[in-house]
Amino acid sequence: IVESSARVAALERGQVEVIEDVPWSALGSLEDNPNLDVVSHRNGFWSGFVMWCDTPPYDDVRVRKALKYCIDREEMLDLVIQGQGNVGNDVPVPDWQRYALEGPARERDIEKAKELLAEAGYPDGIDLELHTAEVLPYWVDLATVLKEMTAEAGINIEIKMTPADSFWGEVWMKKPFSSVYWGARPTPSALSVMYMSDADWNDTHWHRPEWDELMKEASQTVDEEQRKALYQEAQRMIVEEG
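Bear in mind the structure is a predicted one, so any value in this text is a computation, not a measurement.

Participant: Quick rundown of helix H6 (residues 139-151)? Include the residues and the values.
Facilitator: Here H6 contains 13 residues, and its C-alpha end-to-end distance of 18 Å stays within 8% of the 18 Å for a straight helix at 1.5 Å per residue. Of all the positions in H6, only Trp-139, Leu-142, Ala-143, Val-145, Leu-146, Met-149 and Thr-150 are classed as buried. Buried residues of H6, viewed axially, fall in a sector of 165°; they line one side.

This is the structure we're talking about:
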């Protein structure tokens, strides 16, 4: 059942016994329903936004980093999903997972974002189109908060809505700036399936031969600490350049 409100209604009417991706707006009423149990658990599910690194204006790393610097990640987490999750750091690897990149996520710095945009040739700001859908119950809220947070740096994001059942066929890997989610994977797999130059699902168009070699070296390294360092360096490159 694609639409989140329809999933909740089906559960409450007894038409289905289990649903996932419960919208946060419905969480309270479901928890109060004596006939239902709400179960939460930690996983590596990752949700965010992707930009094509080879398509203007996103082919300029300064534009990509400006967007990253606009986000107050803790506030976004609280506003969109009531703190029910972990702050990400621009890679699909949670901080508790094996080979995860250590250290805090990037902090908000609007002045830095403005500086980067000016250096990239956009001193008066920039207009962008973000494609999203109600694929997940919080995606539209996530996009809306991003729009509000980036506006302070002069970034004007127009949110383009697509029907949820059309998103994967008409938007994902077809539009240069969009919402996305990825299911949990071990760190080497998560990085390989999304970022290797020849990966079928390289949805950010990240094509770096030196990065491919780094990943190959990591996969062939027996020493655990060296292997960890290589995978962390691969993630650090994406945080700074991806």
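Having seen the structure, we can now continue with the description.
Participant: Now, about the pattern of salt bridges: what can you tell me, with residues and values included?
Facilitator: Pairing between side chains of opposite charge can happen when the charged atoms of each approach one another. Overall, the coordinates contain 15 salt bridges when judged by the stated rule. A salt bridge links Glu-240 to Lys-65, with the nearest nitrogen and oxygen atoms 3.1 Å apart. Taken together, the residues span a long stretch of sequence, with Glu-240 in helix H10 (residues 224-241) and Lys-65 in helix H3 (residues 61-69) at a distance of 175 residues. Under the relative-accessibility criterion, Glu-240 is labelled partly exposed at 35%. Where salt bridges share partners, they join Lys-68, Arg-73, Asp-90 and Arg-106 into one cluster.

Participant: Break down the environment of Trp-139 for me, with residues and values.
Facilitator: By the secondary structure assignment, Trp-139 is in helix H6. The class of Trp-139 is buried, set by a relative accessible area of 0%. Taking the C-alpha atoms as reference, Trp-139 lies 16 Å from Asn-86; in sequence the two are 53 residues apart. The residues contacting Trp-139, other than those within four sequence positions of it, are Ser-47, Thr-132, Ala-133, Phe-167, Trp-168, Ser-179, Val-180 and Tyr-181.

Participant: Quick rundown of the layout of surface pockets? Include the residues and the values.
Facilitator: Computed from the structure, the second largest pocket encloses a volume of approximately 170 Å³. Its residues assigned to classes, the lining of the second largest pocket shows seven nonpolar, five polar and one charged.

Participant: Tell me what's going on with empty space enclosed by the protein, and back it up with residues and numbers.
Facilitator: Leftover empty space is mapped by rolling, across the atoms, a probe with the size of a water molecule. Following the criterion strictly, the structure yields one cavity of 30 Å³ or more and no others. Each pocket or cavity is described by its volume, and for the largest cavity that value is around 40 Å³. Every residue along the wall of the largest cavity is listed here: Gly-44, Pro-92, Trp-182, Gly-183, Ala-184, Arg-185, Ala-190 and Met-194. A per-class count over the lining of the largest cavity returns five nonpolar, two polar and one charged.

Rules of the game
- Residues numbered from 1 in each chain as written.
- Predicted model: local features only at pLDDT ≥ 70, side-chain atom pairs only at ≥ 80, totals over all residues.
- Heavy atoms only, no water.
- Helix = DSSP H or I, 4+ residues; strand = E, 2+ residues; numbered from the N terminus.
- Expected span 1.5 Å × (residues − 1).
- Buried < 20%, exposed > 50% of the residue type's maximum accessible area, 1.4 Å probe, protein only.
- Arc of directions from axis to C-beta.
- Salt bridge = Lys/Arg side-chain N within 4 Å of Asp/Glu carboxyl O.
- Contact = heavy atoms within 4.5 Å.
- 1 Å grid on protein atoms, 1.4 Å probe; cavity = no way out; pocket = protein on both sides within 12 Å on 5 of 7 lines; lining within 4 Å.
- Points joined across faces, edges and corners; volume = space filled by probe spheres on them.
- Nonpolar A, V, L, I, M, F, W, Y, C, P; charged D, E, K, R; others polar.

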